[in-house]
Amino acid sequence: MTTTAPRTETVPGGGSALAFPAGFLWGAATAAYQIEGAAALDGRTPSIWDTFARTPGKVRNGDTGDVATDHYHRWREDVGIMSDLGIGAYRFSIAWPRVQPTGRGPAVQKGLDFYRRLTDELLDKGIRPVATLYHWDLPQELEDAGGWPERATAERFAEYAAIAADALGDRVRTWTTLNEPWCSAFLGYGSGVHAPGRTDQVAALRAAHHLNLGHGLAVKALRAALPAEAQVSVTLNIHHVRSLTDAPADVDAARTIDGVANRVFTGPMLHGAYPADVLADTAHLTDWSFVRDGDLRTIRQPLDFLGVNYYTPTLVSAATDDAAHTSDGHRVSDHSPWPGGESVAFHRPPGETTAMGWAVDPTGLRDLLLALDREFPELPLVITENGAAFDDYVDPAGEVRDPERVAYLRGHLAAVHRAINEGVDVRGYFLWSLLDNFEWGYGYSKRFGAVHVDYATGTRTPKSSARWYARLARSGVLDA
Ligand code: IFM
């Protein structure tokens, strides 16, 4: 992915248009469990999300991914929609339990064939396929054997990576190992609001390390199987952490959360070490003896770019008794996704929010990109997810009008443009999400898509934001 410098142009009427660099990639993203459906078809076996969704009380309305948007059958229509929208790249994930159902042993050809057909169609329409190996659907058998807290899962992941690269490497040239390992480790094993739903802080830290190790092993497996020009990356939901005030205790709270949200991954992956403060903050929980000699060398692999997912900033302070009891400040509890963050309080950032209750704040994205560029000046960045949920509906005229989403996207893309103007090497942007889909613990109650899905009929209706994004993708110029 190469790009040239951005431009700002004055447009008739006095506004300004933000021209993105030539070659900037305009994409849309999805994930397997959220859209595919066909959960028990062609040899696919349950993942941890199938099990979790079937556990009463875990997912709103008892929703599951059994059918989802039925993309497994409607993939050709979905690629057609992307083509009509002028989307240049499609980021999808491969369902591990579809191609290697038990997480070990030989692959299932029918599963691989699905992704071969999908990627052929994408290439045929001139859309670049961007494959993520792991977007949270661990084969249940591997969880039964201990899951990510166990080292063996990282080894299995590398074997699966080799299978996927052998099968698809002739057509997919852009690969991502993990999507948001923070969620896998800390929501999956710490707070338990994601599959597999465990609430064990030590298990969460062990999972983080074995996800890091799995990433390193998988990068090696991908490089061994793919042609030299292939691009390999990881996607992190880097939290943009702000402290409520400049008071040293609040600043220290932000440091703590930045450590266990971000640096626990970027440290080993990009610097080759766990940050000393993260080890110290969690020393009352574990001595980290599960990190073996040589692991850090394995984890730190050269990457072609870093995938960044951003939705909203995180606002924290030191937890005082007052902060713990204010209406918006809540304190880390036992069932926490923040091991080591026991003395931190979380606050609702000011301003408008999306249907997720997440604050809309594009300045967080710009600040985040600048900070990443300062820390990793040689590493190109790609926004692999950004978007918003709103309560969309099809109106009597058959339209889905979502001006709030257009405003959200416009604001965040202006922030990306600004970061590029300030020298940050951002190569592309993937809208989350192409389609309305299964939003994990929220089931189908939250709609992130640029394309509305009627779950009863499967009917797709591009929202006004999809048409807006199509104009942007075609012109490369944002009307700011
Ligand atoms: O839907 C999720 C996606 O699977 C991972 N990143 C955040 C999105 C919105 O919550």
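All values reported here derive from a predicted model rather than from experimental measurement. (Residues numbered from 1 in each chain as written. Predicted model: local features only at pLDDT ≥ 70, side-chain atom pairs only at ≥ 80, totals over all residues. Heavy atoms only, no water.)

A few words now on the packing of aromatic side chains. Summed over the entire model, instances satisfying the criterion amount to 34 aromatic pairs. Residues Phe20 and Trp26 carry aromatic rings whose centres are separated by 5.0 Å and whose planes lie at 75° to one another, so their mutual orientation is edge-to-face. Across this residue pair, the class does not change: Phe20 and Trp26 are buried. Measuring from centroid to centroid gives 5.5 Å for Tyr311 and Trp358, while their planes differ by 65°, and the two rings are edge-to-face. Placement of the pair is Tyr311 in the loop between β9 (305–309) and β10 (314–318) and Trp358 in the loop between β12 (344–347) and α14 (362–375), with a sequence separation of 47 residues. (Phe/Tyr/Trp six-rings, centres within 6.5 Å; stacked < 30°, edge-to-face > 60°. Buried < 20%, exposed > 50% of the residue type's maximum accessible area, 1.4 Å probe, protein only. Helix = DSSP H or I, 4+ residues; strand = E, 2+ residues; numbered from the N terminus.)

Now for the sheet that holds strand β6 (residues 174–179). Within the closed barrel, the 8 strands sit side by side as β3-β4-β5-β6-β7-β9-β13-β14. Their pairing is parallel. Pairs of neighbouring strands in the sheet enclose a mean axial angle of 25°, with direction left out of account. Contacts between helix α8 (residues 181–191) and the sheet are confined to β5 (128–134), β6 and β7 (231–236), with β6 contributing the most and set at about 15° to the helix. Set on the sheet, helix α15 (residues 403–421) makes contact with β3 (25–29), β13 (381–386) and β14 (426–432); between it and β14 the angle comes to about 170°. (Pairing = 2+ DSSP bridges. Axes fitted to C-alpha atoms, helices over the stretch in contact; angles between N-to-C directions. Contact = heavy atoms within 4.5 Å.)

Now for the pairing of β5. Within β5, 6 of the 7 residues are buried, which leaves it mostly tucked inside the rest of the structure. Note: β5 against β6, 4 bridges, orientation parallel. Bridged to Thr132 within β6 is Thr176.

Where helix α9 (residues 201–225) meets helix α10 (residues 248–271), the axes come as close as 10 Å, and the angle between the chain directions of the two elements is 35°. As for the relative orientation of α9 and α10, their crossing is right-handed in sense. Across from Ala208, Asn212 and His215 in α9, the residues of α10 making contact are Val264, Phe265, Pro268 and Met269. Grouping the constituent residues of the contact of α9 with α10 by class yields 5 nonpolar, 2 polar and no charged. (Left-handed = near helix turned anticlockwise from the far one by under 90°. Nonpolar A, V, L, I, M, F, W, Y, C, P; charged D, E, K, R; others polar.)

Let us now look at α15. Taking 1.5 Å of rise per residue, 19 residues should cover 27 Å, and α15 covers 27 Å from first to last C-alpha, within 8% of that figure. Every buried residue of α15 is accounted for by Arg405, Val406, Tyr408, Leu409, His412, Leu413, Ala415, Val416, His417, Ala419 and Ile420. Once α15 finishes, Gly423 follows within two positions and takes phi at roughly 105°, a positive value. (Expected span 1.5 Å × (residues − 1).)

The subject of this paragraph is the side chain of Asp63. Among the structural elements, Asp63 can be located in the loop between α2 (48–53) and α3 (71–85). In terms of polar contacts, Asp63 uses its side chain to reach the backbone amide nitrogen of Tyr444, at 2.8 Å. Excluding residues that lie within four positions of it along the chain, Asp63 makes contacts with Ala53, Phe438, Gly443 and Tyr444. (Polar contact = N/O pair within 3.5 Å; in protein donor to acceptor, adjacent residues only side chain to side chain.)

These figures come from the coordinates and say nothing about function on their own.
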